[in-house]
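Per-entry structural report
As a plain string of letters, each chain reads:
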Amino acid sequence: MISVRDAQAHILERITAPVQPELLPLAAVLGRVLADNVRAGMDVPPTDNSAVDGYAVASADIPASGTRALEVVAELAAGSVFAGTLRPGQALRIMTGAPMPAGADTVFPQEVVERRDGLVIVGSLAAGANTRHRGEDVQAGDVVLAAGGVLRPQEIGVAASLGLAQLLVRQRPRVAILSTGDEVAEPGSVRKPGQIYDSNRFSLRGLVEDAGATVVDDGIVPDQFGELHARLLRAAEHADVVLTSGGVSVGDYDLVKAVLQQAGGIDFWQVAMQPGRPLAVGGIGPAHFFGLPGNPVASMLTFHLFVRPALWKLAGRRELFGRPFRATALEPMGKKTGRREFKRGILSYDNDRWEVRTTGPQGSGILTSMTAANCFIVIEEERGDVAAGESVWVELFQAL
Ligand code: AMP
Ligand code: MG
């Protein structure tokens, strides 16, 4: 038996290099991992500018009390530049974002002034008000985006604000997915007696795509040594990761194990966890290999625990795990010591605290327990039964 934590550590140790980088236009980088630090080549904003529509003045012309009339000498739209210098007694009509003219340091919002002929009547105002300063967002030379970060809309916006049109990002890892088992039938086909429809290949595909990788669908493989052997080797030729479900426990037809024992380089673990004990991990040819258990909940859970961090490391990510939360258990939960147990949970914020309850029956074949849930409730190895009111760890399905 191996602990969840040790299994995770061993898996991550094997992944020594990320996939290759590629240069992509900004429109194509959402969700990708940045391959290099991005340094600012310029200040943002590039000049001092007005934060409002109004009148730019020199603070020396602002009356301490009462009002003062200033001559409006020109009008400046965003995108144009005032060529001259504002002289004492003068104001410039200015729009939001337009560069501050030489000689001015303060802007009166148009709502607080009065216009009369060629004059603007101003009251008092703090010097420097309503202006934005060159470099107040980003200074040239700053590392604004760090390698290994995932590009969200705001990171892409920051890159664009620096004038960058493309970014060096990691390719998406390619993951070949195969379902094993004579009993497994393709959805949409006629099911023979004794068969079940393949759900794992579809839930795993979604998990792979959610993790930022791309899927190569290699279909269903029967429990037949020669065919399984050939299909796994072929899958390894066109993928960074080969992912199977089923066939890794100790049944007579659990051939993934037999095939891979022959191929070599694979460890077969009994992980001290519930659900999802058996797990095969290693390499086939140049590809990484994960053999997940066949039970639908177990295959999703083992993906969450073991495959996603590996895919994230392959993709060059800095953060490999989602952040766990603490929540109050709303019901008693049975738990055996010596293994880590994962219940499907519904996490909500109620009664001024984070609360979690289970989805009901927790069998590892009850896939609808996953549709009702939004998290795994994680009960650590050393812990026994959990009483209502005690606090437990929770891992969200979608990482935060
Ligand atoms: P195995 O590990 O191959 O013995 O499979 C364990 C259980 O998971 C059995 O009940 C299988 O029928 C079921 N199972 C295996 N593969 C799939 C699949 N692709 N979709 C749904 N259930 C599966
Ligand atoms: Mg099987």
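A brief structural summary. Because the structure is a prediction, the values reported are computed rather than measured.

Points about the nonpolar core
Within the largest apolar cluster, 39 residues are counted, with the highest numbers of intra-cluster contacts made by Leu 243, Phe 290 and Phe 306. Of all the secondary structure elements, the ones that give two or more residues to this core are α1 (4-14), β13 (174-180), α3 (200-210), β17 (241-245), β20 (278-284), β21 (287-292), α6 (296-314) and β25 (375-379). Broken down by element, this core gets its largest block of residues, 11 residues, from α6. Excluding anything up to four places from it in sequence, Phe 290 contacts Ile 11, Val 241, Val 242, Leu 243, Thr 244, Ala 280, Val 281, Phe 306, Val 307 and Ala 310.

Considerations on helix α5 (residues 255-263)
Among the residues of α5, those classed as buried are Leu 255, Val 256, Val 259 and Leu 260. The arc that holds the buried residues of α5, viewed along the axis, is 125°, so those residues lie on one side. Within α5, the exposed residues directed more than 90 degrees away from the buried face are Gln 261 and Gln 262. The elements touched by buried residues of α5 are β13, α4 (225-237), β17, β18 (266-270), β20 and β21. In the stretch just after α5, Gly 265 is the one whose phi turns positive, near 80°.

Quick notes on the packing of aromatic side chains
Tallying each qualifying case throughout the model produces 3 aromatic pairs. Judged by centre distance (5.1 Å) and plane angle (70°), the ring pair of Tyr 349 and Trp 354 falls under edge-to-face. Classification of Tyr 349 as partly exposed rests on a relative accessible area of 46%. Assessed through its relative accessible area of 38%, Trp 354 is described here as partly exposed. Note on Phe 376 and Phe 397: the rings are 4.9 Å apart at their centroids and 65° apart in plane angle, and the pair reads as edge-to-face. Pair noted here: Phe 376 is in strand β25 and Phe 397 is in the segment after β26 (391-396), with a separation of 21 residues, a long-range link. Overall, Phe 376 belongs to the buried group, its relative accessible area being 2%. The aromatic ring of Trp 312 is capped on one face by Arg 317, whose charged end is 3.6 Å from the ring centroid. When the ring centre of Trp 393 is taken as origin, the NZ or CZ atom of Arg 326, which lies over that ring, is 4.7 Å away.

Some thoughts on the sheet that holds strand β8 (residues 114-116)
Read from one edge of the open sheet, 6 strands run β7-β4-β6-β5-β9-β8, paired in mixed fashion. Of all strands in the sheet, those bounded by a partner on one side alone are β7 (106-109) and β8. For this sheet, the mean angle separating the axes of adjacent strands, direction not counted, is 40°. In terms of strand pairing, strand β5 (residues 68-76) meets strand β9 (residues 119-122) through 4 bridges, oriented antiparallel.

A few points about the site of ligand 1
Around ligand 1 lies a shell of 17 residues, among which Glu 183, Asp 198, Ser 199, Gly 247 and Gly 294 are the nearest. Interatomic distance of 3.1 Å between a backbone N/O atom of Ser 199 and a nitrogen atom of ligand 1. In isolation ligand 1 exposes 480 Å². Once the protein is present, 77% of that is buried. Broken down by secondary-structure element, the contributors of at least two residues to the shell around ligand 1 are β13 and β15 (196-197).

Concerning α1
Taken together, the buried positions of α1 are occupied by Val 4, Ala 7, Gln 8, Ile 11 and Leu 12. Viewed end-on, α1 has its buried residues packed into an arc of 125°, placing them on one side of the element. Summarising the geometry of α1, the exposed residues directed more than 90 degrees from the buried face are Arg 5 and Glu 13.

Cut-off values and rules
- Residues numbered from 1 in each chain as written.
- Chains lettered and ligands numbered in written order.
- Predicted model: local features only at pLDDT ≥ 70, side-chain atom pairs only at ≥ 80, totals over all residues.
- Heavy atoms only, no water.
- Core = buried A, V, L, I, M, F, W, Y, C linked by side-chain atoms within 4.5 Å.
- Buried < 20%, exposed > 50% of the residue type's maximum accessible area, 1.4 Å probe, protein only.
- Helix = DSSP H or I, 4+ residues; strand = E, 2+ residues; numbered from the N terminus.
- Contact = heavy atoms within 4.5 Å.
- Arc of directions from axis to C-beta.
- Phe/Tyr/Trp six-rings, centres within 6.5 Å; stacked < 30°, edge-to-face > 60°.
- Lys NZ or Arg CZ within 6 Å of the ring centre and 35° of its normal.
- Pairing = 2+ DSSP bridges.
- Axes fitted to C-alpha atoms, helices over the stretch in contact; angles between N-to-C directions.
- Near = heavy atom within 4 Å.
- Polar contact = N/O pair within 3.5 Å; in protein donor to acceptor, adjacent residues only side chain to side chain.
- Areas by Shrake-Rupley, 256 points an atom, 1.4 Å probe, with all protein chains shown as cover.

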